[in-house]
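Breakdown of the fold
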Amino acid sequence: MENTMAEYLSKAAAFAQSAAKISKKVSEGIVENAREFGFDSSAHFFDTSEVKLREIHKNLDSGNDREKLDGLKRLIAMISKGRDVSEFFPDVVKNVASSNLEIRKLVYIYLLRYAEQEPDLALLSVNTFQKDLSDQNQVIRAMALRVMSGIRVPVISPIVMLAIKKCVTDLSAYVRKTAAHAIPKCYSLDPSQKENLIEIIEILLKDKSAFTIGSVIMAFNELCPDRFDLIHKHYRKLCYMLIDTDEWGQIAILRLLLRYARAHFLDPNRYIKVSKPKTKKESSFYSDDDDSAESEDHEDIVDYDLEFLLKSSAPLMQSRNSGVVMAVCSLYYHAAPAMEVFKVGKPLVRLLRTHPEIQYVVLTNIATMAHEKPEIFEPYIQQFFVRSTDPGFVRSLKLRILTSLANESNVSTLLRELQDYVKSSNKEFVKSAIQAIGRCATTIPEIADNCIRGLMNLITYQNDAVVAESVVVTRRLLQSRPNDNASMITRLVKSLDNIKVPEARASIFWLVGQYCHNLEKIAPDTLRKGAKTFVEENEFVKLQIVTLAAKLMCSLPTTPKMNLLYKYVFTLARYDLNYDVRDRARFLKALMATNNGDTEGADQSDALRSYAKEILLCEKPAPATENPLAGRDKYTIGSMSMVLNSSVFGYESLPDWPAVQPDPSLRDTQDDVLPKSNNFVDSTRITQSKNKEDYSLDAFYDSEEETAEGGR
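In short, a report on the structure. (Residues numbered from 1 in each chain as written. Predicted model: local features only at pLDDT ≥ 70, side-chain atom pairs only at ≥ 80, totals over all residues. Heavy atoms only, no water.)

A few points about the overall build of the protein chain
Counting secondary structure elements, the protein chain contains 34 helices and 0 strands. Residues counted as buried form 47% of the 712 residues belonging to the protein chain. Relative to all contacts within the protein chain whose residues are 6 or more apart in sequence, the contacts with residues 24 or more apart total 66%. Only carbon and sulfur atoms are counted for the fraction: they give 51% of the accessible area of the protein chain, which is about 37,900 Å². (Helix = DSSP H or I, 4+ residues; strand = E, 2+ residues; numbered from the N terminus. Buried < 20%, exposed > 50% of the residue type's maximum accessible area, 1.4 Å probe, protein only. Contact = heavy atoms within 4.5 Å. Areas by Shrake-Rupley, 256 points an atom, 1.4 Å probe, with all protein chains shown as cover.)

Structural data, given as structure tokens:
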């Protein structure tokens, strides 16, 4: 029996051991299959982090390319998650000369990340990078140059310079593009190489590949943005290739050509000032038969090259990249004729259907442009109506734009829209809407009465924020019409008992005191109400009640009751807990003081009281509403400085238009790239612009007929 039991236990132990081996093999197989199919992210379920790191070290030292590739993929995945894996740098550098293309790509990506942290170890692979510059694969050549320029060690700057010079003449456009990107890196590494790098840029500017030219212009803007002498011969080529370059290259080229246009063309609006676009029945801006006398005297207002730039960039207004659209609109806004600036309205409005962050930038630019040229966006005013899903910063910008676009034709629609905004539950938005109504009334005096009546109706609202802001805005509007505001002030005084907001009550007391000469019947009663609730009032309201008592003593005939109210209010103010109220009462009482029984003192007192009336009741202009967007127009449209309303590092203002036409022959080349089509300026006309010869369509057809007859 004992032997049977022992055999049974030994068999059970053997079975358990074999089961453990099978389970281990199964788990290893699952992990291997997961790696093979790219499911590396699930491998952490089968081992700990320490085991994983040891396995990565083992894979990198392995002689099997598959294991090396697996280890490098894990490292890149860890880098993407923000983990520091610089400890593997020595193991990775060993594989820099691997014959496997995938391994070398991953090694280059790793070195780009950690070459600056381990410059000494990175220098060991420089020879390999130099050899890779002659590799048959263009990707390897480009990545080798990219890694070399990314090693932040000044010692290798001459080697990087030689590598750039070699790649500049490479047959691959991708390698030449990488060389252009390496130029700013080399310059930041060794600024003494600037002149040599500018020579390389001059060579790259001759490149005819649209894939490369955008990166070349980026390098140009980084190193020598004012060297327009390098751009003259390539200006028309840049205009022609603009549509074919990548999106970020288009932005760089447009910014460069904008500065070039402002420096080398005359102002197209120097003679003609147009306020509204022409209708379809009117002649085109560029047509030869213009009815205006100014056009007859100045036929060549728009330079041919500037016209070509505008027409070449116009299709980019339909770009999917908001940065490209903004760059084109900036070009048109700062360099186009007045009639062409209207084209920027629709593309910018189209960008408002994107993310809120982009909306903010676009709306800031639109608000700046609408402040200077509101006619651009007047046809699209409904696109700026506030939506319930708009965030707060977008709402405030839209309200600012709406008030900038307000005119006699659309103000009725705008006021109805603003009345709906007042019903919102957002107090800050309601305040902004009421302020917008006040700005509309200030901009268009014809509607001031309607706006004031609408604001007076808001005083009956239950919302304290609405009431307070309505009274404050009404006060500003009534100040602009001092001779015709008695009835409105009377309505405000009647609502005084129902208004509890301190700012609103203080504004009402101030209005009564300032215009008490027109309110002889209600002014004393208003002071009585103020004296009755003086102790319970806010300090701002108390200050205005004390001032009101002094103004009434100066302006209206004194009566026994008025003297009693005056003394009562000043007695309360004298013992008030707030020192500002006490100081105001002492000052006004001294200003209004009388000297009983002394003739000389009485004369001085009367003179002082006459000055008190001039001091207290002098005409006070209506407070000007501060525009938060003021001052942004001095910055370039589309720049970060304009959005922040502050000059940021690297910002360059646009040059002024030249007073004298620069020599247009600088842009003439033997091989003109301008196409001969109706959509662009004819190249024959451009080449003849320096001779001031007019292009004649009749002469062109005559020459065609003569050629045909000669052929016959």
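Remarks on helix α21 (residues 411-421)
If you check which residues of α21 are buried, you get V411, L414, L415, E417, L418 and Y421. Buried positions in α21, seen along its axis, are confined to an arc of 160° and lie on one side of it. Check the buried side of α21 and you find it contacts α20 (392-405), α22 (427-443) and α23 (448-458). (Arc of directions from axis to C-beta.)

Details of the packing of aromatic side chains
Here a ring pair, both rings aromatic, is described through the centre-centre distance and the interplanar angle of the planes. Throughout the structure, instances matching the rule amount to 11 aromatic pairs. Note on F228 and Y260: the rings are 5.8 Å apart at their centroids and 80° apart in plane angle, and the pair reads as edge-to-face. A residue pair is termed long-range when its members are at least 10 positions apart, and F228 in the loop between α12 (210-223) and α13 (235-241) and Y260 in helix α14 (residues 247-264) qualify at 32 residues. You'll find F228 and Y260 in the same group, each marked buried. Taking 6.1 Å as the distance between ring centres and 75° as the angle between the ring planes, the aromatic pair formed by Y260 and F265 counts as edge-to-face. In this structure Y260 comes out as buried when scored by relative accessible area, which is 0%. Its relative accessible area of 0% is what places F265 among the buried residues. Following the ring pairs from residue to residue traces out a cluster consisting of F228, Y235, Y260 and F265. Between the NZ or CZ atom of R475 and the centre of the ring of W510, over which it lies, the distance is 4.4 Å. Sitting over the face of the ring of Y235, R667 holds its NZ or CZ atom 5.8 Å from the ring centroid. (Phe/Tyr/Trp six-rings, centres within 6.5 Å; stacked < 30°, edge-to-face > 60°. Lys NZ or Arg CZ within 6 Å of the ring centre and 35° of its normal.)

Details of the side chain of Q250
Here Q250 shows up in helix α14. Since its relative accessible area comes to 5%, Q250 is described here as buried. Separated by 3.2 Å, the side chain of Q250 and the backbone oxygen of L242 make a polar contact. A distance of 3.1 Å separates a polar side-chain atom of Q250 from the backbone oxygen of T245. Residues contacting Q250, with those up to four places away along its chain left out, are L242, I243, T245, L316 and V324. (Polar contact = N/O pair within 3.5 Å; in protein donor to acceptor, adjacent residues only side chain to side chain.)

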